[in-house]
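Structure at a glance
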Amino acid sequence: MTPTQATRMAKSFSWAATFTLLGACAGNDSPSNVVAPGKPTMPSTRTLDTGAAMLQSRPPVDALNAYLDGFHFYNGHPDVQMEAHHYCAILNEEVIQCVIYDGNRKDAKLMGVEYIISEPLFNTLPAPEKALWHSHVHEVKSGQLVAPGIPEVAEHALMEKLVHTYGKTWHTWHTDLDKRLPLGVPQLMMGFTAEGQADPRMVAERDQRMRIDSAEKKQARADIIAPPIAPGADAWRQGDVIQIIDPTLKAHQH
């Protein structure tokens, strides 16, 4: 198969076919940011855990067969940024749901969730709801959003789809701020929309750890057409910042 044929084949994949390719993803190179307090796991607990793993079915968890890595910032606090490891499941051609961790090792802490929808679905939302969602155009085109461990042609096909989507993200455990526990209230997160917003040291550290090159991915994705951002998304750019007021903010400020 020639490179051109492979590219055409990848472009013809549905969401389901593309996500199937992501089963053998990279991992175990990004430790969690925090150590949860508590006594070490006892043998009896480990036995229960092993038994549950052998006897109980987990269809919703088994459906999390895609791994994406990118970056978020707190809506209203663009200087407070963090890496986010997404484990995603496709519901249909229009909706994807992801759980987000602070690492990709077994002890990673669950930070939050992200819902990803197509542009046609986004356009059906009322204006106040649209303000909660962010675009993925820059994340894709910049090379910052990656799917580690899969062939380049498959990742490229996936990014061609994701560039047309919008995400709503809530973080519930703010591990980037060295929280030992999930304190405070959920916070609305956003994605970067232009060069110079993401901390270059954060991106470089991720690239080095995962042995990837965001700059090379940016070049490889130059052929992906950047669609115009749908009106209402990325509302923070127009000063419309929505955030839940944290009554415990003095204990752990952003």
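Residues numbered from 1 in each chain as written. Predicted model: local features only at pLDDT ≥ 70, side-chain atom pairs only at ≥ 80, totals over all residues. Heavy atoms only, no water.

An unreviewed UniProt entry annotates the protein chain as DUF1264 domain-containing protein originating from Pseudomonas palleroniana.

Here Asp102 lies in the loop between strand 3 (95-101) and strand 4 (110-118). Nearest to the buried, unbridged Asp102 among oppositely charged side chains is Lys109, at 5.3 Å. Side-chain polar atoms of Asp102 contact the side chain of Ser32, separated by 2.6 Å. (Helix = DSSP H or I, 4+ residues; strand = E, 2+ residues; numbered from the N terminus. Buried < 20%, exposed > 50% of the residue type's maximum accessible area, 1.4 Å probe, protein only. Lys, Arg positive; Asp, Glu negative; His and termini not counted. Salt bridge = Lys/Arg side-chain N within 4 Å of Asp/Glu carboxyl O. Polar contact = N/O pair within 3.5 Å; in protein donor to acceptor, adjacent residues only side chain to side chain.)

Overall, the prediction assigns the protein chain a mean pLDDT of 86, with 81% of residues at 70 or greater. Note that pLDDT drops below 50 for residues 1-13; the model gives that stretch eleven contacts with residues more than four away or on any other chain. (pLDDT = per-residue confidence, 0-100. Contact = heavy atoms within 4.5 Å.)

Here we come to the layout of surface pockets. Roughly 320 Å³ of internal volume is contained in the largest pocket. What lines the largest pocket is a set of twelve residues, among which Arg58, Val61, Leu64, Tyr101 and Lys106 lie closest to the centre. Within the lining of the largest pocket, the residues separate by chemical class into six nonpolar, two polar and four charged. Here the second largest pocket is characterised by a volume of approximately 220 Å³. Around the second largest pocket, the lining is made up of 14 residues, and of these Asn33, Glu83, Asp102, Glu205 and Arg209 lie nearest the centre. Mapped onto the lining of the second largest pocket, the elements with two or more residues apiece are strand 2 (77-90) and helix 9 (200-210). If you tally residues by element for the lining of the second largest pocket, the top one is strand 2, at four residues. Along the lines of polarity and charge, the residues of the lining of the second largest pocket split into three nonpolar, five polar and six charged. (1 Å grid on protein atoms, 1.4 Å probe; cavity = no way out; pocket = protein on both sides within 12 Å on 5 of 7 lines; lining within 4 Å. Points joined across faces, edges and corners; volume = space filled by probe spheres on them. Nonpolar A, V, L, I, M, F, W, Y, C, P; charged D, E, K, R; others polar.)

Among the secondary structure elements, Leu177 is positioned in the loop between strand 6 (165-171) and strand 7 (187-190). Using a relative accessible area of 23% as the deciding quantity, one classes Leu177 as partly exposed. For the pair Leu177 and Val80, spaced 97 residues apart in the sequence, the C-alpha separation amounts to 8.9 Å.

This paragraph deals with the state of the cysteines. Here the structure, examined in full by the defined rule, presents one disulfide. A sulfur-sulfur distance of 2.1 Å marks the disulfide that ties Cys88 to Cys98. One disulfide, between Cys88 and Cys98, carries an S-S torsion of 105° and so falls in the right-handed class. On the criterion of sequence distance, the pair formed by Cys88 in strand 2 and Cys98 in strand 3 is long-range, its members being ten residues apart. Per residue, the accessibility class of Cys88 equals that of Cys98, and both read buried. (Disulfide = S-S within 2.5 Å.)

Once that is clear, we can look at empty space enclosed by the protein. The gaps left among the atoms become clear once a water-sized probe is rolled over them. The tally for this structure, following the rule as stated, stands at one cavity of 30 Å³ or more. The space that makes up the largest cavity amounts to roughly 60 Å³. Every residue along the wall of the largest cavity is listed here: Leu68, His72, His86, Glu114, Ile116, His136, Glu139, Leu145 and Leu162. Secondary-structure elements contributing two or more residues to the lining of the largest cavity are strand 1 (66-74) and strand 4.

Each aromatic ring pair is described using two quantities: the centre-to-centre distance and the angle formed by the ring planes. Counted according to the given criterion, the structure contains five aromatic pairs. Geometrically, the ring pair formed by Phe73 and Trp236 is edge-to-face, given 5.1 Å between the ring centres and 85° between the ring planes. Of this pair, Phe73 sits in strand 1 while Trp236 sits in the segment after helix 10 (214-220), and the two are 163 residues apart along the sequence. With respect to burial, Phe73 and Trp236 carry one shared label: buried. (Phe/Tyr/Trp six-rings, centres within 6.5 Å; stacked < 30°, edge-to-face > 60°.)

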